[in-house]
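Remarks on the overall topology
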Amino acid sequence: MGGTELLRDALLKKLPAALRDNFNFILSRVRDEFFDDRPTLLWLHDTAEDPESAHLTEVESRTRFEKLVFVSNWQQYSYVKHLNVPYEDGIVIKNAIEPIPVHSKPKGEKIKLIYFSTPHRGLVVLQMALELLSKQRDDFEVDVYSSFDLYGWEGQDEQKEWKVLFDKLREMECVNYYGTVSNDKIREALTTSHIFAYPSVYQETSCLCAIEAMTAGCLAVVPNFGALTETCGDFAWMYNWESDPVAHAQKYAYMLNTAIDSFWEPGLQSVLGLQSTYYNYFYSWDARIPEWVGALSLIERDLKRFAENEVSD
């Protein structure tokens, strides 16, 4: 399952049943058959520019939902700016994961990098950057967990541009290419990974990959693009995003080179320990479920007051 599906299943499992069953949750894509007689929440994970979000420019469409739930403040602002969605129509409840147990990173001869997002979100840039980096050093390896099979788009893996990319990765000595694996496998791999290598070319509205990697104590090397600035905060090694893939790859190779050199420095190790503690708490379901319970309880209260006022009128 993709990140959105994992979030949905976790939320519905962890919410108190008496509260959960009183609401209808729709995730990003809206279809008439998704509605029932319960109050509906639209839990948005897409960007404001996504065609699936365009209907929210219409007041009539927005009134079908009790609230729009955004996963970051950056995302909500983009809907306000691009689709004229009033702030009052939405709330921000950030994403969450199951904490990754405290562990020690392996101190072998090589630093391990990991990429585990879909191919179109930055894998091309990473491959080019690794070609440059491998000419400078050989004390690193990269685990790549990525294919379109994650969303059931197996045919897209065979399209020429992606097949060429995957073949290049398989041929690189520094790369271990695994395709799509379960989230449990990813979480296990994160415990032996040092650096989250994500030269994103996609405007993330949050980024579960970054949250999991940073919870696991990995140094995140990411651009200041989309909601990554909000999700990763001051913990990540962040650089100015480049629109040109070649320039982006050159800059990213430099960033990775410096990150590998710096990983075991005591100061950075201290920060990574703090980072792990921070993300294990603030992005845990233990912290997030009370937010959901509070938000849903307020909506129920307002609906009750509205119904009582209608009766009294």
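Residues numbered from 1 in each chain as written. Predicted model: local features only at pLDDT ≥ 70, side-chain atom pairs only at ≥ 80, totals over all residues. Heavy atoms only, no water.

What follows is about the packing of helix α5 (residues 123-134) against helix α11 (residues 245-262). Viewed as axis vectors pointing N to C, α5 and α11 meet at an angle of 55°, and their least axial separation amounts to 8 Å. With respect to their mutual orientation, α5 and α11 come out oblique. Remark: the crossing between α5 and α11 carries right-handed chirality. For the pair formed by α5 and α11, the contact residues are Val 125, Leu 126, Met 128, Ala 129, Leu 130, Leu 132 and Leu 133 on the first element and Pro 245, Val 246, His 248, Ala 249, Gln 250, Tyr 252, Ala 253, Leu 256, Asn 257 and Ile 260 on the second. Class assignment for the residues of the contact of α5 with α11 results in 14 nonpolar, three polar and no charged. (Axes fitted to C-alpha atoms, helices over the stretch in contact; angles between N-to-C directions. Helix = DSSP H or I, 4+ residues; strand = E, 2+ residues; numbered from the N terminus. Parallel < 35°, antiparallel > 145°, perpendicular 65-115°, else oblique. Left-handed = near helix turned anticlockwise from the far one by under 90°. Contact = heavy atoms within 4.5 Å. Nonpolar A, V, L, I, M, F, W, Y, C, P; charged D, E, K, R; others polar.)

Ranked by internal contacts, the top residues of the largest apolar core, which has 83 residues, are Ile 195, Phe 196, Leu 256 and Trp 292. The element contributing the most residues to this core is α11, with seven residues. Apart from residues no more than four positions distant in its own chain, Trp 292 is found in contact with Leu 11, Leu 15, Phe 25, Leu 41, Trp 43, Val 69 and Ile 93. By size, the runner-up hydrophobic cluster in this structure holds twelve residues, among which are Val 30, Leu 44, Ala 48 and Phe 65. (Core = buried A, V, L, I, M, F, W, Y, C linked by side-chain atoms within 4.5 Å. Buried < 20%, exposed > 50% of the residue type's maximum accessible area, 1.4 Å probe, protein only.)

It is worth spelling out the sheet that holds strand β7 (residues 175-177) at this point. The parallel open sheet is built from six strands, whose spatial order is β7-β6-β5-β8-β9-β10. Both outer strands of the open sheet, β7 and β10 (237-239), are each paired with one neighbouring strand and no more. Taken pair by pair, the neighbouring strands of this sheet meet at an average axis angle of 20°, ignoring direction. The sheet contact formed by strand β8 (residues 195-197) and strand β9 (residues 219-223) spans three bridges and is parallel. Paired with Phe 196 across the bridge in β9 is Ala 220. Lying on the sheet, α5 is in contact with β5 (111-115), β6 (140-144), β7 and β8; it crosses β6 at an angle near 165°. (Pairing = 2+ DSSP bridges.)

Tallied over the full model, the rule gives 18 salt bridges. The closest approach of N and O atoms between Arg 29 and Asp 46, which form a salt bridge, is 2.2 Å. Placement of Arg 29 in the loop between β1 (24-27) and β2 (40-43) and of Asp 46 in the loop between β2 and α3 (59-62) is noted, with a sequence separation of 17 residues between them. Here Arg 29 falls in the partly exposed class, since its relative accessible area comes to 34%. (Salt bridge = Lys/Arg side-chain N within 4 Å of Asp/Glu carboxyl O.)

Before going further, it helps to examine the sheet that holds strand β4 (residues 90-92). Spatially, the four strands line up as an open sheet ordered β1-β2-β3-β4, and their pairing is parallel. In this open sheet, the two edge strands, each paired with only one partner strand, are β1 and β4. Within this sheet the neighbouring strands show an average axis-to-axis angle of 25°, counted without direction. Strand direction decides the pairing type here: strand β3 (residues 67-70) and β4, joined by three bridges, are parallel. Considered in β4, the bridge of Val 69 is made with Ile 91. Most of the contacts of helix α4 (residues 73-83) go to β4, to which it runs at about 155°, and overall it touches β3 and β4.

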